[in-house]
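# Examining the three-dimensional arrangement
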Amino acid sequence: MSSVLTVNKGERVAVAKLKRLLAEHSGDQSEYTLNDLYDLLCPESREGLAMVLADLVKEGKIKQVIRVISPTKQGGIKDFDSLNDVPRFIRDWRTDVEIEVHPDDLRVVYKT
């Protein structure tokens, strides 16, 4: 992980925890939000963690997707590779209703 954060001792601890977490879930289909990882790893900052995650995505060690969440049922409707791929309208299979996608309906999810 080539992030500038590895200079800071507190962030090095969080990066080491992240490496262990990824190694433990290698081959699994584990999913985490930034908040999930922040709570698990206790880094010094969310911004620092986001930078490390961006590096891991670039290196192909984890995958980042944009998930549309059902505003009614709060479960995932569909994942997209980028924000540009998210349609303005989508059928919510949980309620069988077409919905307009709003920013509050989106989550960034990291997959191992």
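Everything in this summary refers to the structure shown in the same document. Only a predicted model underlies this, so the values are computations on that prediction, with no experimental measurement involved. (Residues numbered from 1 in each chain as written. Predicted model: local features only at pLDDT ≥ 70, side-chain atom pairs only at ≥ 80, totals over all residues. Heavy atoms only, no water.)

Attention shifts here to the environment of Ser82. Tracing the sequence through the fold places Ser82 in the loop between strand 3 (76–80) and strand 4 (89–92). Placed 36 residues apart in sequence, Ser82 and Arg46 show a C-alpha to C-alpha distance of 21 Å. (Helix = DSSP H or I, 4+ residues; strand = E, 2+ residues; numbered from the N terminus.)

Packing of helix 2 (residues 34–41) against helix 3 (residues 46–58) brings their axes to within 10 Å, and their N-to-C directions diverge by 110 degrees. The angle between helix 2 and helix 3 falls in the class roughly perpendicular. Note on packing geometry: the crossing formed by helix 2 with helix 3 is right-handed. On the side of helix 2, the interface is formed by Leu34, Asn35, Leu37, Tyr38 and Leu41, while helix 3 contributes Arg46, Leu49, Ala50 and Leu53. (Axes fitted to C-alpha atoms, helices over the stretch in contact; angles between N-to-C directions. Parallel < 35°, antiparallel > 145°, perpendicular 65-115°, else oblique. Left-handed = near helix turned anticlockwise from the far one by under 90°. Contact = heavy atoms within 4.5 Å.)

As a further point, take the pattern of salt bridges. Pairing between side chains becomes possible if they bear opposite charge and their charged atoms approach one another. Scanning all chains against the criterion turns up 8 salt bridges. In this structure, Arg91 and Asp96 form a salt bridge, with 3.5 Å as the shortest nitrogen-oxygen distance. A relative accessible area of 57% means that Asp96 is categorised as exposed. Residues joined in a network through salt bridges with shared partners are Glu31, Arg67, Asp79 and Lys111. (Salt bridge = Lys/Arg side-chain N within 4 Å of Asp/Glu carboxyl O. Buried < 20%, exposed > 50% of the residue type's maximum accessible area, 1.4 Å probe, protein only.)

In this section: unusual backbone geometry. Positioned with a positive phi, Cys42 is a non-glycine residue whose angle comes to about 50 degrees. Relative to the helices and strands, Cys42 resides in the loop between helix 2 and helix 3. The exposure class of Cys42 is exposed, given its relative accessible area of 54%. Phi is positive for Asp96, close to 55 degrees, though the residue is something other than glycine. Examined against the element boundaries, Asp96 turns out to sit in the loop between strand 4 and strand 5 (97–100).

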